[in-house]
Structures are given as structure tokens and as C-alpha cells.
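An overview of the molecular structure
One letter stands for each residue in the lines below.
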Amino acid sequence: PPPASPITVFVCLFSFLDLCIIMSCQVMMKHAWDNYKRYAWGLNELKPISKQGHSSNLFGNIQGATIVDALDTLYIMEMKEEFKEAKEWVEKNLDFNVNAEISVFEVNIRFVGGLLSAYYLSGEEIFRKKAVELGEKLLPAFNTPTGIPWALLNIKSGIGRNWPWASGGSSILAEFGTLHLEFIHLSHLSGNPLFAEKVMNIRKVLNRLDKPEGLYPNYLNPSSGQWGQHHVSIGGLGDSFYEYLLKAWLMSGKTDEEGRKMYYDAVQAIETHLIRKSSGGLTYIAEWKGGLLEHKMGHLTCFAGGMFALGADGAPNDKTGHHIELGAEIARTCHESYDRTSMKLGPEAFRFDGGVEAIATRQNEKYYILRPEVIETYMYMWRLTHDPKYRQWGWEAVEALEKYCRVDGGYSGIRDVYNNHQSHDDVQQSFFLSETLKYLYLLFSEDDLLPFEHWVFNTEAHPLPVLHKDDGNKEENQK
């Protein structure tokens, strides 16, 4: 046979390298999972240095956060034995009849989202049943004068309250704004319209309010229906509200016109008032405090690169290319925040003032807790542009995670990414298995694995199918 052309050899080599990296992601997942199973099985999270369980008060007495959060990753990575043992634990041990105060937001995105995606991927009825059962337990959170839900809920008594630090008893935009996808699916799978009605009412409240400069403040009082402090962030406290406006439209088969309009109007205001360029040419998203900008960007904000790119196709006024470019610029800035540290892992927040760019200047912002947002943006940018630099940047992250975060008992966060002498925080977050490893795996997989035209990811990276008008009857007929 004639010798293979250099291009053929290159393509084969490139494909082989991708396969090797995919296998590396599976090995990382197995290391994280096996150690969780060995030292913390049935508890919420793992302390990989201490080799024992770690429980966050976000979940109250509900247990098994890592199991439920990891279900779909195990399934997607074809880790069949591990998925089977996780399913058996859910069947026998996942219990919501507990007297405990939980974070409505965290339980929704991790537990409800995780159970929904496990059901849609595997078809196993237990996951649908548990998702609906938990959704019903969350409904009393909406019993406020406005229907804007409480942040915290005792799921036995049904009594809710807000975080005491949140602007005079306010609910938080990113928390009450990040229920929409899951609750639409709960109505779809249960036949109970109440879930969808609750989240659609949140939109009604928001649409009645004046937005300062077209922006959504992070705080809203659930009793008065008025904004709290005029703080605006596309990072913590605001982030996933904007993500869910776009994804609600995409998940509806692009029929949710209200979600579409709210998203693109918000992006326009964000561009005008929050997006800035540093003297060194880095595009960043500042925070807005009563009209004054704080030139700081959080790791959480880095999801926005992927969001802008994902929404580019529907952008008004021929702005598709502009939104892709905006996504690419945010991705580059966030990569710089990684590249400018000793460990090549990004800090919790980085600044653009006092002569620094994309660097954390405060000790309490220098930590890395295995967060996924930068890798999430690389995955979206790769899928939407196929620029190979995003896979290169993803591989850099794999190498850094393996070098600095992998320990005998799993993976740990780092206290200071600028210090070569690593000090671990001793927590393997459940979102490391749900998001960070899943997005890495998808970054190096073919585009037809969970294609964007059929799936939308919730903010914990749990894939939910796009719903078309005739899907409701199909699902009802299956039950």
C-alpha cells in the first residue's frame, strides 16, 4: 500500500492523543470515585488528606451528594460497575425525610439536577421518582408574599428563611434564578404544572421591576418584591441567573421568547456597563456596586465565556460573530489567570487595578477549590470554534491538577496557587466529579457525545434534554 500522507498521519496522531487524554480523564474520575467509596461512602464529600467524610451544611442531613452529583459522569464515561453501585445506593439509602435546613439552590442543582440527568441518560425509573419526590419537598420555599423563594428551607417543617448576611433579608439572584431548568423538567416528568408555575412567576416579579441601567441587582427582598443593595455581578451571587435565561430558551426548542429577550437585553447591559479592557488588552467583566466599578473578576465569572459563545447563534442584529469573539476574549483572560500563577491553576478571584492584571492580590482570593468554570468555557469554545488552543489549555489544566491536586486519597483544593509549596484544603468537592472532570472529558470527546442541539447542561453540568412541543405527550404516555 502507498505510504500514508503526512496529513493522515497527523490526523491519526491527533485522534490518538485525544483518546489518551479521554482515558486520562477516566483514570482521574476512577481515582476520585474509588477514594470517595473507600473513605466516605454515603457521606456528602471526601476529605482526601484525612481520608474521611466531609459534610457541608448546604445539604442539611441529606447524604450522598458526591454519589448523586457523579451519576451522569459515571454513565457518560461508561464506568458501568460504578454507576450500578451508585444506583443501588440511591435506591436503598437516598432519604429526603430528614429534619434539616438545606440550601434550596445547592440541593436543586446537585441533587434534583443529578437525578434528572441520570434518569434521562439511563431511563432508570428510580431517578425520576426521587427527583420528583425531592422537588415536592422544595415547593414550600416559594411560600413568600411574592413567590420569590427563600434561600434556606427546613424540608420537614417547610419553614424557610434567607441568609442573615444577604442585604436585609434578601433572596439572591443566582439562587432563585437557578431553578428554572430543573423545575420545568419536574413538571414535564410528573405531569404537575406547579413546578413550572413557580419558576415562571419569578420572571413575572422580575419583569415588573425597574432595572438600574438595565442590570439585575444580586439581591431581591421576597416580602416587598424590591431590590436590595444595588450590587451587580456576573460571578458569585449573579452568575447562573443569566446562564439559565439563555438555557431556558435553548431547552424550550427556542420557543421561550421571554427567556430569549431577557437574556439578550441583559447581555447588552453587561457589555455597556461591566465589560472592560485592561491596558494590557485583556477583556474582563467587572463588578458594579451602586454605579461604581470594582475591577475584579471571580473564577465563577469565567463560565461567561462559554455562555456568550453558546448564545452567539441567536444573537440579535447580526451579532453572532461578536458574541463568539467576546467568549474567546473571556476565555483568554481566564487562561491568563491560570498561566500567571506558579501552579497554572486559577485563583478564586483576580484583579485589574494597582498595576496588576489577572492576578489575585489578596490572600483570601488565592485559593483554588477544584472549580470547573474555566474548563467549562474551554469546552464550549472548542465545540463552537474547533480552535485547537482550547484543547491545549485543557491539557495544561489536566497536568496541573495531576501535579498539585492529586493526592493518595483523591483530589484536594489548594490554598495558594502562587506558592510552589502546596498546602491542600483537604476537600474533594462533589462538583469536581460532576463538572470539572465531565467538562474535561467532553472537551476531548467527539461533538456527538451530548450534542448541544439535543442537550442543555444545568449549572452543575447535569445534561437535560431539549424539550419540544410534542415531548410532553410522549412522556405522559410512557408513564
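If you're wondering where the values come from, they're calculated on a predicted model, not measured in any experiment.

1. Quick notes on the sheet that holds strand β3 (residues 101-103)
Strand order across the open sheet formed by three strands is β3-β4-β5, with antiparallel pairing between neighbours. Each end of this open sheet is capped by a strand with a single partner; those strands are β3 and β5 (160-161). Relative to β5, strand β4 (residues 152-154) runs antiparallel, the two being bridged by two bridges. Opposite L152, over in β5, you have R161 as the bridge partner. Packed on one face of the sheet, helix α4 (residues 104-122) meets β3 and β4 and runs near 65 degrees to β3.

2. With respect to the state of the cysteines
Throughout the structure, instances matching the rule amount to one disulfide. Across the disulfide, C302 is cross-linked to C334 (sulfur-sulfur distance 2.1 Å). The chirality of the disulfide connecting C302 with C334 is left-handed, given an S-S dihedral of about -95 degrees. Here C334 lies in helix α12 (residues 320-339) and C302 lies in the loop between β13 (296-298) and α11 (303-310), a separation of 32 residues in the sequence. Classification of C302 as buried rests on a relative accessible area of 0%.

3. Description of the UniProt feature "binding site: Ca(2+)" (unreviewed entry) in the chain
Within this numbering scheme, the UniProt entry marks T459 as carrying the feature "binding site: Ca(2+)" (unreviewed entry). Tracing the sequence through the fold places T459 in the loop between β17 (455-457) and β18 (463-465). Ignoring sequence-local partners within four residues, the contact set of T459 consists of I109, T178, S240, E243, Y244 and E435.

4. A word on the nonpolar core
Across soluble globular proteins, you tend to see nonpolar side chains buried next to one another. In this structure, V90, Y242 and F308 are the most contacted members of the largest nonpolar core, which totals 153 residues. Among the elements that line this core, the one with the most residues is α4, at twelve residues. Once residues lying within four places of it in the same chain are set aside, the contact partners of Y242 are L173, Y216, V232, S233, I234, Y263, A266, I270 and M307. In this structure, A151, L152, A166 and Y219 belong to the second largest nonpolar core, which totals six residues.

5. A closer look at unusual backbone geometry
Residues other than glycine seldom take positive phi values, yet K254 does so here, at roughly 65 degrees. Within the fold, K254 resides in the loop between α9 (239-251) and α10 (257-273). Phi is positive for D426, close to 65 degrees, though the residue is something other than glycine. Counting through the fold element by element, D426 comes out in the loop between β16 (410-411) and α15 (430-443).

6. A few points about the pattern of salt bridges
With the rule as written, the count across this model stands at 29 salt bridges. The partner of E45 in a salt bridge is R110, with the nearest N and O atoms 3.5 Å apart. Placement of E45 in strand β1 (residues 45-47) and of R110 in helix α4 is noted, with a sequence separation of 65 residues between them. You can call E45 buried: its relative accessible area is 2%. A relative accessible area of 5% places R110 in the buried class. Across the pair R260 and E257 runs a salt bridge whose closest N-O atoms are separated by 2.8 Å. Here R260 and its partner E257 are both found in helix α10, three residues apart, which amounts to about one turn of the helix.

7. Remarks on the packing of aromatic side chains
Think of a pair of aromatic rings as described by two things: how far the centres are apart, and how the planes are tilted against each other in angle. For the structure shown, the criterion picks out 24 aromatic pairs. Across from the ring centre of F96, 5.8 Å away, lies the NZ or CZ of K130, which sits over that ring.

8. Notes on the layout of surface pockets
Approximately 1100 Å³ is the volume attributed to the largest pocket. If you trace the largest pocket, you find 47 residues lining it, with G236, L237, D239, L300 and R371 closest to the centre. Breaking the lining of the largest pocket down by element, the ones donating at least two residues are α4, α6 (173-176), β8 (231-232), α9, β11 (287-289), β13, α13 (373-385) and α15. If one sorts the elements of the lining of the largest pocket by residue count, α4 sits on top with four residues.

9. Comments concerning the sheet that holds β11
Strand order in the open sheet formed by three strands is β8-β11-β12, with antiparallel pairing between adjacent strands. The two strands at the open ends of the sheet, each matched to only one other strand, are β8 and β12 (292-294). Two strands pair when backbone bridges link them, and β8 and β11 are joined in this way by two bridges, in the antiparallel orientation. Bridged to H231 within β11 is K289.

10. Some thoughts on α13
The periodicity of an α-helix, 3.6 residues per turn, causes residues three or four places apart in sequence to face the same way. Over its 13 residues, α13 extends 18 Å from the first C-alpha to the last, a length consistent with the 18 Å expected when each residue adds 1.5 Å. Of all 13 residues making up α13, eleven are buried, and the element is well covered by its neighbours. If you check which residues of α13 are buried, you get E373, V374, I375, E376, T377, Y378, M379, Y380, M381, W382 and R383. In the stretch just after α13, H386 is the one whose phi turns positive, near 55 degrees.

11. Some points on α10
Taking 1.5 Å per residue as the helical rise, α10 with its 17 residues ought to reach 24 Å, and the 24 Å between its terminal C-alpha atoms agrees with that figure. Inspection of α10 places G259, M262, Y263, Y264, A266, V267, A269, I270, E271 and H273 among the buried residues, and these make up the whole buried set.

Conventions adopted
Residues numbered from 1 in each chain as written. Predicted model: local features only at pLDDT ≥ 70, side-chain atom pairs only at ≥ 80, totals over all residues. Heavy atoms only, no water. Pairing = 2+ DSSP bridges. Helix = DSSP H or I, 4+ residues; strand = E, 2+ residues; numbered from the N terminus. Contact = heavy atoms within 4.5 Å. Axes fitted to C-alpha atoms, helices over the stretch in contact; angles between N-to-C directions. Disulfide = S-S within 2.5 Å. Buried < 20%, exposed > 50% of the residue type's maximum accessible area, 1.4 Å probe, protein only. UniProt positions renumbered as here; feature names shortened; annotations may be inferred. Core = buried A, V, L, I, M, F, W, Y, C linked by side-chain atoms within 4.5 Å. Salt bridge = Lys/Arg side-chain N within 4 Å of Asp/Glu carboxyl O. Phe/Tyr/Trp six-rings, centres within 6.5 Å; stacked < 30°, edge-to-face > 60°. Lys NZ or Arg CZ within 6 Å of the ring centre and 35° of its normal. 1 Å grid on protein atoms, 1.4 Å probe; cavity = no way out; pocket = protein on both sides within 12 Å on 5 of 7 lines; lining within 4 Å. Points joined across faces, edges and corners; volume = space filled by probe spheres on them. Expected span 1.5 Å × (residues − 1).

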